[in-house]
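The chain contents come next:
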Amino acid sequence: MSPPTIAIVGAGPAGLTLAKLLHSADTNLSVTIFEHSASAKARHQQGGTLDLHPESGLLALRRMGLHDAARPHLRYEGEELVIADLNGCELVHMKDAPPPADGERDGGMYTRPEIDRERLVEVLLEGVEEGNVRWGKHLKRIDGETGKLEFEDGSVEGPFDLVVGADGAWSKVRSVLSDVMPGYSGICGIEGHIDNPKEFPRIDKLVGRGSFFSFSYGRACMAQRMGDNSIKLGTWQRRPETFIDELVGEQVEQEPLRKKLLEEYRDWCPEIRELIEVAHWRTKWKLYELPVGHKWEHKASYTLIGDSAHLATPFAGMGVNAAMLDALELSDQIITAVKAGTSLDRAVEVYEQGMFPRGRNVQERTMLNKTNGFADDAPLMFMSGMIGVVAKESGWPIDRGLLYWIPITRTAYSFFWMKTSWTACSRRLRRAIWGEKSLRA
Ligand SMILES: Cc1cc2nc3c(=O)[nH]c(=O)nc-3n(C[C@H](O)[C@H](O)[C@H](O)COP(=O)(O)OP(=O)(O)OC[C@H]3O[C@@H](n4cnc5c(N)ncnc54)[C@H](O)[C@@H]3O)c2cc1C
């Protein structure tokens, strides 16, 4: 019997991971990736830097044999994280000490290194043989009768034994399995870049080696250090779907946009406003999400991995990890079935049964962060919500036994409230006495 033919639609982290794992297996599988972008260089990048988790993203890299290739780009020092409010009041400052020397990191506190998304995709692409990615192939539709893939350029391919949708938010493969379309998440924003942060010592210090995330009153300003020491900045707001188009217009014009953003963030502290003042603004975003728990009836010859299956907003930083883990789990099932000569269809069904609860968990975590991070009393809700999640994941039974009677999350909320209120009062006092200097004022 000839080995199954597999089409992967989309050469993002999910599709590339799956392709690499399937190619590496000793199975003679015929695997082709169809990718919308015209070439590897012409890709639209989303998400500046990503943290890879040991049980998913890093595990997949190891299983692909690409961990060594990725190692020079993995930044354990980038795990430093500050969560603050609009006054710059730090509610948490994690991993502020530099990580220990190479080699001690994986077994210790530093387990989730950052990597620039661009570098990750480069490493994944190096793992896939050149001819296996068909660039410039935008899938338009799948003919439900014949199973053929119809592309924007008029070409038709297939049918295949299995079509895997790794085609992200607006997946065309998904339409074969589910009628559900992503809905607007309520959050939109604009991303910018600071190429030369050393020229601005105050913000260079603020962002540190990793991430500085500030939330207040339905707004966020999120800055992240990139591999080349530049800073990626995102301003996000809880607003109607039309808001960002009205704010930015058709094209990003730096000075008018900067003025509008500074007006939006007028009551934020000078350091955060300085980030907005010096950034070069690039990409506007309206964030979409699939309903929590999105699933479908199993259908032979089709499945989904990554965002196409469980699209969520980026506020839990789990999307890439979940995408790579889906690819790993699906490849394991396929390879086992092919080697054993058992049903490919059953293998895909087993993958889906494992993926649905995992995808749901990612969506729930992300929804919690989004709701709390953009609540009127963020970052207090965000922080106390995080304590609940961390406690649950670490197995602390805060909702059982003696601990049930100690209102841990409410106590934390009160503590953070006092801390932020104190900072707000002292900032007001300082402003009244000395005034507040803005960089370009
Ligand atoms: C602004 C932003 C910031 C983010 N930050 C983070 C973060 O910090 N951490 C994190 O873990 N995640 C983050 N994410 C989420 C993360 O980017 C996704 O979860 C991840 O990229 C999913 O990988 P994927 O391969 O499933 O989909 P994608 O990365 O979307 O890849 C899909 C691929 O399919 C191709 N494609 C799409 N349609 C077609 C078609 N019709 N035909 C052919 N090809 C097609 C696309 O060109 C693309 O190459 C962020 C997302 C956004 C929008």
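Throughout this description, residue numbers start from 1 for each chain and increase along the sequence as written. The predicted nature of this model means local features are confined to residues of pLDDT at least 70 and side-chain atom pairs, given and counted, to a pLDDT of 80 or more, with totals for whole chains, interfaces and linings taken over all residues. Side-chain measures here rest on the full set of heavy atoms in the structure, leaving out hydrogens and waters.

Asks: So what about the pattern of salt bridges? Which residues, and what values?
Replies: Salt bridges are identified by distance alone: a Lys or Arg side-chain nitrogen within 4 Å of an Asp or Glu carboxyl oxygen. Scanning the model with the defined rule gives 25 salt bridges in all. In this structure, Arg63 engages Asp332 in a salt bridge whose closest nitrogen and oxygen atoms are separated by 2.5 Å. Highlighted residues: Arg63 in helix H2 (residues 57-64) and Asp332 in helix H11 (residues 319-340), separated in sequence by 269 residues. Only protein chains enter the calculation, and the probe is 1.4 Å; a residue is then buried if its accessible area is under 20% of its type maximum, exposed if over 50%, and partly exposed in between. For Asp332, a relative accessible area of 26% corresponds to the partly exposed category. Ionic pairing is found between Lys198 and Asp204, a salt bridge with its closest N-O pair at 2.8 Å. Owing to a relative accessible area of 14%, Asp204 belongs among the buried residues under this scheme. Each of Glu118, Arg119 and Glu122 takes part in a single network of salt bridges with overlapping partners. Numbering of helices and strands runs from the N terminus, with a helix taken as a DSSP run of H or I at least four residues long and a strand as a DSSP run of E at least two residues long.

Asks: Mind laying out empty space enclosed by the protein, listing which residues take part and the relevant values?
Replies: Each cavity reported here is a set of points on a 1 Å grid over the protein atoms alone in which a 1.4 Å probe fits but cannot get out, each pocket an open set with protein on both sides within 12 Å along at least five of seven lines, and each lining residue one with an atom within 4 Å of a point. Grid points are joined across faces, edges and corners, and a volume is the space filled by probe spheres set on the points. Under the defined criterion, the tally for this structure stands at 2 cavities of 30 Å³ or more. For the largest cavity, the calculated volume is near 50 Å³. At 3 residues, helix H12 (residues 344-373) tops the list of elements feeding residues into the lining of the largest cavity. Under the scheme applied here, ten amino acids are nonpolar (Ala, Val, Leu, Ile, Met, Phe, Trp, Tyr, Cys and Pro), four are charged (Asp, Glu, Lys and Arg), and all others, including Gly, are polar. Class assignment for the residues of the lining of the largest cavity results in 5 nonpolar, 3 polar and 1 charged. What lines the second largest cavity is Cys188, Gly189, Ile190, Thr235, Trp236, Gln237, Phe243, Ile244, Leu247 and Leu261. Mapped onto the lining of the second largest cavity, the elements with two or more residues apiece are strand E12 (183-194), strand E15 (231-238) and helix H7 (243-248). Per-class residue counts for the lining of the second largest cavity are 7 nonpolar, 3 polar and no charged.

Asks: I'd love a proper account of the side chain of Ser155, names of residues and values included.
Replies: Tracing the backbone through its elements, the reader meets Ser155 in the loop between strand E9 (149-151) and strand E10 (156-157). Polar contact is defined as a pair of N or O atoms within 3.5 Å, subject to the rule that within protein one atom must be able to donate a hydrogen and the other to accept it, and that residues adjacent in sequence are counted only when both atoms are side-chain atoms. Engagement of the side chain of Ser155 in a polar contact is seen with the side chain of Lys137, the distance being 2.6 Å. Those residues in contact with Ser155 that sit more than four places away from it in its chain are Lys137, Leu149 and Glu150. Two residues qualify as a contact provided that any one of their heavy atoms is within 4.5 Å of a heavy atom in the partner residue.

Asks: Residues and numbers for the sheet that holds strand E8 (residues 139-142), please.
Replies: At least two DSSP bridges between two strands are needed for those strands to be called paired. If you trace the 3 strands from one edge of the open sheet to the other, you get E8-E9-E10, paired in antiparallel fashion. In the strand order of this sheet, the two ends are held by E8 and E10, each with one partner. In terms of strand pairing, E8 meets E9 through 3 bridges, oriented antiparallel. Counted as the bridge partner of Leu139 is Phe151 from E9.

Asks: Run through the side chain of Lys95, naming residues and quoting values.
Replies: Along the chain, Lys95 turns up in the loop between strand E5 (90-94) and strand E6 (114-116). Polar contacts involving the side chain of Lys95 include one to the side chain of Glu79, which spans 2.7 Å. If sequence neighbours within four positions are ignored, Lys95 has contacts with Glu79, Glu80, Met109, Tyr110, Thr111 and Arg209.

Asks: Pulling in residues and values, what's your account of the nonpolar core?
Replies: General note: in soluble globular proteins, nonpolar side chains tend to be found buried as a group. For the purposes of this section, nonpolar cores are sets of buried Ala, Val, Leu, Ile, Met, Phe, Trp, Tyr and Cys residues that join through side-chain atoms within 4.5 Å. By size, the foremost hydrophobic cluster in this structure holds 66 residues, and its most contacted members are Leu61 and Leu149. Among residues more than four places away in sequence, those in contact with Leu61 are Leu52, Leu66, His67, Ala70, Leu120, Leu124 and Met324. Val82, Leu86, Ile194 and Ile272 belong to the second-largest nonpolar core, a separate cluster that totals 31 residues.

Asks: Pulling in residues and values, what's your account of the packing of aromatic side chains?
Replies: A pair of aromatic rings is counted whenever rings of Phe, Tyr or Trp (Trp by its six-membered ring) have centres within 6.5 Å, and the orientation is called stacked for planes under 30 degrees apart, edge-to-face for over 60 and tilted otherwise. In this structure the tally under the stated criterion is 11 aromatic pairs. Plain terms: the ring middles of Phe215 and Phe374 are 6.3 Å apart, the flat faces sit at 90 degrees to each other, and that makes the pair edge-to-face. Linking Phe215 in strand E13 (residues 211-216) with Phe374 in the loop between H12 and helix H13 (380-394), this pair joins segments that are 159 residues apart in sequence. Using a relative accessible area of 2% as the deciding quantity, one classes Phe215 as buried. The class for Phe374 is buried, based on a relative accessible area of 2%. Ring centres of Phe315 and Phe374 lie 5.1 Å apart, and the angle between their planes is 65 degrees; this geometry places the pair in the edge-to-face category.

In short, the description is geometric, and any link to function would need to be established separately.
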